[in-house]
Amino acid sequence: MVALENGHQQPLLEARHVSFGYSEQALLYDVSLAASSGEMIALLGPNGAGKTTLLRLLSGVLRPQRGDVLLQGRAVHTWGRREVARRVAVVPQDLQMPFAFTVEHMVNMGRTPFQSTFFASSTKEDETIVQEAMETAGIGDLAQRVFNELSGGERQRVMIAMALAQQPSVLLLDEPTAHLDIRYQIETLELVQRLHQQRGVTVIAAIHDLNLAARYFPRLLLFQRGIVADGSPAEVLAPALLKKVYGVAVQVGIMRGSVHLSVLPPGEEPRDPQKEVNSRIHVIAGGGSGEVLMRALADEGYAFSAGALNVGDSDHTLALRLADEVVTEQPYAPISEASLQRVRRALQRVALLILCPVPIGPGNLALVQEAVVAAQSGIPVLLLEAPESQESVCVSPTPGDEHSPSWAARDYTGGQGAMLLEELKRLGAVTLPTVQDVLEWLRQHLAGEVFTDAADSAAL
Ligand SMILES: Nc1ncnc2c1ncn2[C@@H]1O[C@H](COP(=O)(O)OP(=O)(O)OP(=O)(O)O)[C@@H](O)[C@H]1O
C-alpha cells in the first residue's frame, strides 16, 4: 500500500462498487475489493461465476458499467494501455496466435510496453529480461518451438514467462494451473509465490483447486457474481459456505502433519439430522428487495433460509453470505420445479415466512403460490411493504402513494400476483411497512411464542 497524506493506505488495485454485464443484465453486481501491494489473493468460485470477467475488469480490458477500477488510486481506463501493461500483467486461460510465433518471440512480446514502438528492436536489457523470464518459468528448452504447437501445459508456462518479462507489480492469473500436471501445478504456484516473496509482486489468481488455493494463498475471495466471502482459508473454506456456493457437501480438515487446510468430498459419512440447518425464518426476496431485511436479520442473529433466488441477483449474493441455506436457481431462469421442491421442504421446517416487496412476474409467481400454501398450513407470513434500499429496488410507486408502493404496482402477472397477495392477507398475513417493524414483530412474537419451545424447536 501507498501511504496517503491523510494517513490512510492506498490499495494498489481496487474495485469500487463495480457492476458489469455483457448484455443489459448485470453479470457482476456491486463488487468492491482492495488489493494491497504484495498481497496474494485467490479468486474462487464455480464455473460461470464471473472470475475471468472480474480479472478483465481489474486489468482494464473491460470497463465497468457502474463503479470504478482504480490502479494506484487512479481509474484504470484513464491510464494508457502501455502504462497499464508496465504495471499489470495478465496470464489468460489460453492464447491462440494467428502466426507461427516461436516461444522466444512470444516472451519478447512481454517487453512491448517498454519499447518505443511495436517494431522497435530489443535492447540488451530486454534480451536479458526475456532469458531470465524463460528460465524462471522453466521453458528455456522450448525457446525455438512454435507456440501454437505446444501442449496446453507448455503454453501456460510460456504465458507466465510473457507476464514475467513485463516485470509487473500486479500479476493477474486466470486459472494458471488448469492444464498442468501435478508437478507443474506445484512448480507454477511455487514460482508465483517466489515472485510474490522476492519481488513483492501482488498476485490475484482465479483458481479452481481449493486445496492449492488454501496452500499458497493467504487470502481467498469466494466469488459468485459478487463477493460472497473474503478472508483467510480458515474463514472462507467453511463447509456450509462451500455447499451454498458450489452446491456440494465437502469436508474441510487439516492434513496430517500440515498446517494447511484440505477440502475433500464427504465420502459415505451418514447425514446427522442434528446438524441439518434449522433456519426458523424463510425469506422470499429478489432484485434487492431483501437486502435491508437480510442484513437486519443477520445483525440480530436470526438464522434464516432464503430463496429461490437466481444466481446473479444481488439478493442471491447477499443470501449466500448471510443465510444458513439458500435455494439457488439458474441465472435469469424462471423458478424450476426442483427449486420449488426445495423451497417447499424449507417451508415445512420454518416457523415464519417473510415475503419481501419483490416484483412478481411469471418467473417467480410460483413462489407466492408456495407462500399461500404455507399460510394455509398455519405458518405465519409477514409481508414487508416498503423498500428501504431505494437504489436497489426498481419499483414505480402508485401515483399519489409515493411513500408506500402498493403490491399491485409490483405485479407483472396481469393480476394473478395481486390476487395471491390478497389471499395471503385473507389468511392472516401481517403487512408491515418497514424492516424495523419486522424486527419489532420478531421481538414480540419470537421471544414469547414461536422460538422458546424447545420441543417445538427440535421438531422444526
Ligand atoms: N464475451 C462474452 N460475451 C457474453 N457473455 C460472456 C462473455 N464472456 C463470458 N460470458 C458469460 O459470462 C459468465 C461468466 O463468465 P466468466 O468467464 O467470467 O466466468 P468464470 O467464473 O471465469 O468461469 P469458469 O470458471 O468456467 O472459467 C458466463 O455465463 C459466460 O458465458
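Residues numbered from 1 in each chain as written. Predicted model: local features only at pLDDT ≥ 70, side-chain atom pairs only at ≥ 80, totals over all residues.

Chemist: Which parts of the structure should I look at to understand the sheet that holds strand S9 (residues 170-174)?
Modeler: Hydrogen bonding along the main chain pairs the strands of a sheet, whether they run parallel or antiparallel. With mixed pairing, the six strands of this open sheet are ordered in space as S8-S9-S10-S5-S11-S12. Two strands lie at the open edges of the sheet, namely strand S8 (88-91) and strand S12 (227-231), each paired on one side alone. Direction aside, neighbouring strands of the sheet carry axes that sit 15° apart on average. Across four bridges, S8 lies against S9 in parallel orientation. Bridge pairing in S9 places Val-90 opposite Leu-172. Its contacts with the sheet place helix H5 (residues 152-165) against S8 and S9, and it is angled at close to 175° to S8. (Pairing = 2+ DSSP bridges. Helix = DSSP H or I, 4+ residues; strand = E, 2+ residues; numbered from the N terminus. Axes fitted to C-alpha atoms, helices over the stretch in contact; angles between N-to-C directions. Contact = placed C-beta atoms within 7 Å.)

Chemist: Sorry, what's going on with the sheet that holds strand S18 (residues 352-355) here?
Modeler: One open sheet holds the six strands; their spatial order is S17-S16-S15-S18-S19-S20, and the pairing between them is parallel. Each edge of the open sheet is held by one strand with a lone partner, namely strand S17 (325-329) and strand S20 (430-432). Neighbour-to-neighbour, the strand axes of the sheet open up by a mean angle of 20°, direction not taken into account. The pairing of strand S19 (residues 381-384) with S20 spans three bridges and is classified as parallel. Residue pairing for S20: Leu-384 is matched across the bridge by Leu-432.

Chemist: Which parts of the structure should I look at to understand the domain arrangement of the protein chain?
Modeler: Size of an interface, as often reported, equals the accessible area lost when the parts are brought together. Domain annotation for the protein chain reports domain 1 (6-264) and domain 2 (274-459). Contacts between domain 1 and domain 2 engage 13 residues on the former and nine residues on the latter. The set of elements that each furnish at least two residues to the side of domain 1 that touches domain 2 consists of strand S4 (28-35), S12 and helix H9 (239-246). (Domains from an automatic or database assignment.)

Chemist: What is the right way to look at the site of the ligand in this model?
Modeler: Surrounding the ligand, one finds Tyr-22, Leu-27, Gly-45, Asn-47, Gly-48, Ala-49, Gly-50, Lys-51, Thr-52, Thr-53 and Ala-206. The leading source of residues in the shell around the ligand is helix H1 (residues 51-58), at three residues. Each residue belonging to the shell around the ligand can be placed in one class, and the counts come to four nonpolar, six polar and one charged. (Near = placed C-beta within 6 Å. Nonpolar A, V, L, I, M, F, W, Y, C, P; charged D, E, K, R; others polar.)

Chemist: Please explain the environment of Leu-62 as it appears in this structure.
Modeler: Looking at the element boundaries, Leu-62 is found in the loop between H1 and strand S6 (66-71). For Leu-62, a count of 19 C-beta atoms within 10 Å gives the class partly exposed. Along the chain, Leu-62 and Leu-43 lie 19 residues apart, while their C-alpha atoms are 18 Å from each other. For Leu-62, the contacting residues outside a window of four places in its chain are Phe-20, Thr-53, Arg-56 and Leu-57. (Buried ≥ 20, exposed ≤ 12 C-beta atoms within 10 Å, placed from the backbone.)

Chemist: Sorry if this is basic, but what is going on with the nonpolar core here?
Modeler: Nonpolar side chains tend to gather and get buried jointly when the protein is soluble and globular. By size, the foremost hydrophobic cluster in this structure holds 125 residues, and its most contacted members are Ala-161 and Ile-354. When residues of this core are assigned to their parent elements, the largest contribution, eight residues, is made by H5. Counting residues domain by domain, this core receives three or more from each of domain 1 (6-264) and domain 2 (274-459). Discounting residues that sit within four places of it in the chain, Ile-354 has contacts with Ile-281, Val-283, Leu-293, Leu-382, Leu-384 and Val-438. (Core = buried A, V, L, I, M, F, W, Y, C linked by C-beta atoms within 7 Å.)

Chemist: Hey, could you run me through helix H4 (residues 124-136) in this one?
Modeler: Quick reminder: α-helices carry 3.6 residues per turn. Residues three or four places apart thus point the same way. With 13 residues, H4 extends 18 Å from end C-alpha to end C-alpha; this agrees with the ideal 18 Å at 1.5 Å per step. Immediately downstream of H4, the backbone of Gly-138 shows phi near 70°, a positive value. (Expected span 1.5 Å × (residues − 1).)

Chemist: For this particular structure, what's the right way to read unusual backbone geometry?
Modeler: Leaving glycine aside, a negative phi is the common case for residues, and trans is the common case for peptide bonds. Residue Ala-308 follows Gly-307 across a cis peptide bond; omega there is 0°. Inspection of the secondary structure assignment puts Ala-308 in strand S16 (residues 304-310). The residue Asp-30 is not glycine, and still its phi comes out positive at about 55°. Along the polypeptide, Asp-30 turns up in strand S4. Taking the number of C-beta atoms within 10 Å as the measure of exposure, Asp-30 has 22 and is therefore buried. Backbone geometry at Glu-175 places phi at a positive 50°, although glycine is not the residue there. You can see Glu-175 is positioned in the loop between S9 and helix H6 (182-199).

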